[in-house]
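Listed below, chain by chain, are the residues.
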Amino acid sequence: MKQVVHDLDILPSAPTAEEKAACDLPRITEERNTGKQRKLYIESYGCQMNFSDSEIVMSILTQEGFDTTSTPDNADVILLNTCSIRDNAEQKVRHRLVHFKGLKRNKPSMIVGMLGCMAERLKAQLLEEEKIVDMVVGPDAYRDLPNLIQEVDSGHKAVNVFLSREETYADINPLRLSGDGVSAFVSIMRGCDNMCSFCVVPYTRGRERSRDVHSILNEVKELVANGYKEVTLLGQNVDSYKWSAEDAGEHVNFAQLLERVALVDTTLRVRFSTSHPKDITDEVLYTMKKYDNICNSIHLPAQSGNTRILELMNRTYTREWYMERITKIREILGDDCGISSDTIAGFCSETEEEHQDTLSLIQFARFDFGYQFVYSERPGTPAAKKLADDIPEDVKQRRLSEIITVQRQLSLEHNQAQIGTIQKILIEGVSKKSENDLKGRNSRNMMAIFPKKNYTKGQYVDVLITGCSGGTLFGEIVEKV
Ligand code: SAH
Ligand code: SF4
Ligand code: F3S
């Protein structure tokens, strides 16, 4: 089985060599040979949510007669779990299909299926546009995959893009065939009700719904039992997590969920993503403060630093509101809490002064790192319907590079400030650059590289930071006495 994560269009401002390698190279899972009849191969594009969904798909299909392969040439079924967030994300998948066309020529029985957000956005139209595609399956229809594959086996094309109000795959234990065995994603909710005007997600992922707290806790407990040391709770807007028991006796919000996950095991690191500036509460911040194992790291996408643009984006907060949230985070959690952001350059009608507001907000917030994008109009979104995509491409690119420059400098300063400190690092594995070095992160999500000694992945070590680059800390393990 090969699990490939293509995330090239989601590069942080100052990617480390490790991160670059992770983006450029396919993420490969082990082959799984349990004597099943057919072989499955999946490639995942886009966000962590999609990656997490591929683990659910693998879980469903390995119970239905499939083993997994790391080579598309050996596959009977090839699935592409796709992303629609920007036009280039879709183009990447279309190019990939050209490659699979060649494979299918030599093996006509091979099934090619499109999953995920692009499947949901384009629906049956994809079958017209890309003749090689046999099956189109939206993010809420993965339970139907065995039937859909059967349909294709019997000579038909198959489509299921039904969006559900209830589906959370709560009872399905994701099959984690890739990754490091140390850190796992746990999906806590699906969909999004926010309707930011630029964003395709509400159309591709449907209405927001929260997963049963007990199924989340069970999954986390099982991960701990299997040796995992870190979980990242995933949702498009984790702060609006809200779950009640049928009999209404139990109500759980995000802060309470966070606390319950943190209490599963105090040596388990807990992260979460993504927080929405309009929804992140002081209760969440105080919960983070209360538990050492909840990491000091908040991804709080600002998108823009200008109130008029934020309004056009329908983000429902102002520049001042965002600044107040940053001040509150610093007040409650101190300077040790890393904050990161997403920024869109060149949104509809953005002026130079408004772009300057974005730069000054980044300076104010002093983000640890950021993901920056140029605005890409997505068909069917409110912005595409009502606003002109009127900033010339060269201006968008110039603004993007100005944002990246400011952020790179901040990232470097944050890293430099760690020199001379001792950081508690969770070892994630061997460094890609050198077999003699290990890599891991501190609580605020900074990557560190250090000589191996006798340590191995999954262990916590104290590392004295002795140097840094813009994206990586370098150091030495300090032996405990
Ligand atoms: N739910 C998260 C982000 C989801 S998408 C949130 O609300 O922040 C990840 C990022 O992609 C967004 O934060 C935004 O910066 C970017 N993005 C979304 N739509 C985009 C578009 N049409 N053009 C460019 N960037 C976009
Ligand atoms: Fe998209 Fe906004 Fe929802 Fe994030 S919160 S997924 S940007 S609509
Ligand atoms: Fe892309 Fe869908 Fe995620 S559009 S970013 S894969 S929710």
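What you see is a predicted model; the values in this text were computed from it and never measured. (Residues numbered from 1 in each chain as written. Chains lettered and ligands numbered in written order. Predicted model: local features only at pLDDT ≥ 70, side-chain atom pairs only at ≥ 80, totals over all residues. Heavy atoms only, no water.)

Caption draft 1: Expanded view of the overall build of the chain. Summing up its helical and strand segments, the chain has 15 helices and 22 strands in all. Compactness check: the chain gives a C-alpha radius of gyration of 22 Å against a globular reference of 23 Å for 481 residues, within 12% of the reference. A principal-axis box enclosing the C-alpha atoms of the chain has dimensions of 65 × 60 × 50 Å. Across the 481 residues of the chain, 58% fall into the buried class. (Helix = DSSP H or I, 4+ residues; strand = E, 2+ residues; numbered from the N terminus. Rg over C-alpha atoms; globule rule 2.2 N^0.38 Å. Buried < 20%, exposed > 50% of the residue type's maximum accessible area, 1.4 Å probe, protein only.)

Caption draft 2: The arrangement of helix H9 (residues 254-264) in detail. For H9, the complete set of buried residues consists of Phe254, Ala255, Leu257, Leu258, Val261 and Ala262. Buried residues of H9 fall within an arc of 160° about the axis and therefore sit on the same side. Looking at the packing, one finds that the buried side of H9 touches helix H8 (213-225), strand S11 (230-234), strand S13 (251-253), strand S14 (269-273) and helix H10 (282-290). One side-chain oxygen at the N-terminal end of H9 lies 3.2 Å from the backbone nitrogen of Ala255; it belongs to Asn253. (Arc of directions from axis to C-beta. Contact = heavy atoms within 4.5 Å. Polar contact = N/O pair within 3.5 Å; in protein donor to acceptor, adjacent residues only side chain to side chain.)

Caption draft 3: View of the site of ligand 1. Lining the immediate surroundings of ligand 1 are 15 residues, of which Phe198, Gln236, Gln303, Asp342 and Ser376 lie closest. Residue Arg86 places a side-chain N or O atom 3.1 Å away from an oxygen atom belonging to ligand 1. Between a nitrogen atom of ligand 1 and a main-chain N or O atom of Phe198, the distance comes to 3.1 Å. In the complex, the protein chains occlude 90% of the 540 Å² of accessible area that ligand 1 would expose alone. Counting residues per element, the ones that place at least two in the shell around ligand 1 are strand S16 (338-345) and strand S17 (369-374). (Near = heavy atom within 4 Å. Areas by Shrake-Rupley, 256 points an atom, 1.4 Å probe, with all protein chains shown as cover.)

Caption draft 4: Quick peek at the environment of Ile294. Note that Ile294 resides in the loop between H10 and strand S15 (297-299). Its relative accessible area of 1% is what places Ile294 among the buried residues. With near-sequence residues (within four places) excluded, Ile294 lies in contact with Leu258, Ala262, Val270, Phe272, Thr287 and Met288.

Caption draft 5: Expanded view of the pattern of salt bridges. Applying the stated rule across the entire model yields 37 salt bridges. With its nearest N and O atoms 2.9 Å apart, the salt bridge here joins Arg205 to Asp53. Of the two residues, Arg205 sits in helix H7 (residues 201-205) while Asp53 sits in helix H2 (residues 48-62), which places them 152 residues apart along the sequence. On the basis of relative accessibility, which here comes to 3%, the residue Arg205 falls in the buried class. Judged by relative accessible area, which is 1%, Asp53 ranks as buried. Across the salt bridge formed by Glu120 and Lys123, the nearest N and O atoms sit 3.8 Å from each other. The partly exposed category is assigned to Lys123, whose relative accessible area is 35%. (Salt bridge = Lys/Arg side-chain N within 4 Å of Asp/Glu carboxyl O.)

Caption draft 6: Quick look at the sheet that holds strand S22 (residues 472-477). As summarised here, the arrangement of the five strands in space is S18-S19-S20-S22-S21, forming a closed barrel in which the pairing is mixed. Sheet twist, expressed as the average angle between the axes of neighbouring strands with direction ignored, equals 50°. Examined bridge by bridge, strand S20 (residues 447-451) and S22 share three bridges and lie parallel to one another. The residue of S22 that forms the bridge with Ala448 is Leu473. The strands touched by helix H15 (residues 393-418) are strand S18 (422-430), strand S21 (460-468) and S22; relative to S21, the strand with the most contacts, the crossing angle is about 115°. (Pairing = 2+ DSSP bridges. Axes fitted to C-alpha atoms, helices over the stretch in contact; angles between N-to-C directions.)

Caption draft 7: View of the confidence of the model for the chain. Across the chain, pLDDT averages 92, with 93% of residues at or above 70. Predicted confidence for residues 1-28 stays below pLDDT 50, and this span has 103 contacts to residues more than four positions away or in other chains. (pLDDT = per-residue confidence, 0-100.)

Caption draft 8: Structural context of the site of ligand 2. What surrounds ligand 2 is the set Cys192, Asn194, Met195, Cys196, Phe198, Cys199, Val201, Pro202, Gln236, His276 and Arg315. For the shell around ligand 2, the per-class residue count stands at seven nonpolar, three polar and one charged. (Nonpolar A, V, L, I, M, F, W, Y, C, P; charged D, E, K, R; others polar.)

Caption draft 9: Structural context of the pairing of S20. Counting buried residues along S20, four of its five residues qualify, which places the element largely inside the surrounding structure. Where strand S19 (residues 437-441) meets S20, five bridges bridge the pair, whose relative direction is antiparallel. The residue of S20 that forms the bridge with Leu438 is Phe450. From the end of S19 to the start of S20, which pair antiparallel, there are five residues, and Asn445 there has a positive phi angle of about 80°.

Caption draft 10: Representation of the packing of H9 against H10 in the model. It is at 8 Å that the axes of H9 and H10 come closest, and there the two elements cross at 15°. Considering the angle they form, H9 stands roughly parallel to H10. You can see that H9 and H10 cross each other, and the crossing is right-handed. Of H10, the residues touching H9 (which contributes Phe254, Ala255, Gln256, Leu258 and Glu259) are Glu283, Val284, Thr287, Met288 and Lys290. When its residues are assigned to classes, the contact of H9 with H10 shows five nonpolar, two polar and three charged. (Parallel < 35°, antiparallel > 145°, perpendicular 65-115°, else oblique. Left-handed = near helix turned anticlockwise from the far one by under 90°.)

Caption draft 11: Just unusual backbone geometry, in detail. For the bond running from Ser273 to Thr274, omega is 10°, close enough to zero to count as cis. Topologically, Thr274 is positioned in the loop between S14 and H10. One non-glycine residue, Lys123, lies in positive phi territory at about 50°. Despite not being glycine, Asn445 has its phi angle at roughly 80°, a positive value. Note that Asn445 resides in the loop between S19 and S20.

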